[in-house]
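# Examining the three-dimensional arrangement
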Amino acid sequence: LFEKVANHVMSYDSLDEFKPQELSNTVWSYAKAGVHHPELFEKVGNHIVESNSLSRYEPQACSNIVWAYATSDVPHPALFRKMA
């Protein structure tokens, strides 16, 4: 199931269709389940970094995203700088 979800998300050229909560829930669920998918995390992280709409992200979503990256041991320094 996790692989199918990742393949679906990875098939998009842009993640603009996804709501911030959906992206947050996605990376959180991978981290919570202990499923390692660095390509997915890279794509989501890059999307957030390149986005000018961080204000659309609720504090809880930001917290869950940062937790997911830290828990999954997926480095994304630009994402952490953007969230700071």
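Here we summarise the structure given alongside this text.

Let us look at the packing of aromatic side chains. Summed over all chains, the structure comprises four aromatic pairs. Pairing Phe-2 with Tyr-30 gives two aromatic rings, centres 4.8 Å apart and planes at 75 degrees, and the pair type is edge-to-face. You can see Phe-2 sitting in helix α1 (residues 2–10) and its partner Tyr-30 sitting in helix α2 (residues 20–33), a full 28 residues away along the chain. Centroid distance Tyr-12 to Phe-18: 5.0 Å. Interplanar angle 70 degrees. Geometry classified as edge-to-face.

Below, the discussion takes up the packing of α1 against helix α3 (residues 38–50). Viewed as axis vectors pointing N to C, α1 and α3 meet at an angle of 40 degrees, and their least axial separation amounts to 10 Å. Put simply, α1 runs oblique to α3. In this structure, α1 crosses over α3, and the sense of that crossing is left-handed. Side by side, α1 and α3 meet where Ala-6, Val-9 and Met-10 of the first sit next to Glu-39, Leu-40 and Lys-43 of the second. Here the residues of the contact of α1 with α3 are counted per class, giving four nonpolar, no polar and two charged.

Inspection of the secondary structure puts Cys-62 in helix α4 (residues 59–72). Once residues within four sequence positions are removed from consideration, Cys-62 is found in contact with Tyr-57 and Met-83.

So, how was this worked out
Residues numbered from 1 in each chain as written. Predicted model: local features only at pLDDT ≥ 70, side-chain atom pairs only at ≥ 80, totals over all residues. Heavy atoms only, no water. Phe/Tyr/Trp six-rings, centres within 6.5 Å; stacked < 30°, edge-to-face > 60°. Helix = DSSP H or I, 4+ residues; strand = E, 2+ residues; numbered from the N terminus. Axes fitted to C-alpha atoms, helices over the stretch in contact; angles between N-to-C directions. Parallel < 35°, antiparallel > 145°, perpendicular 65-115°, else oblique. Left-handed = near helix turned anticlockwise from the far one by under 90°. Contact = heavy atoms within 4.5 Å. Nonpolar A, V, L, I, M, F, W, Y, C, P; charged D, E, K, R; others polar.

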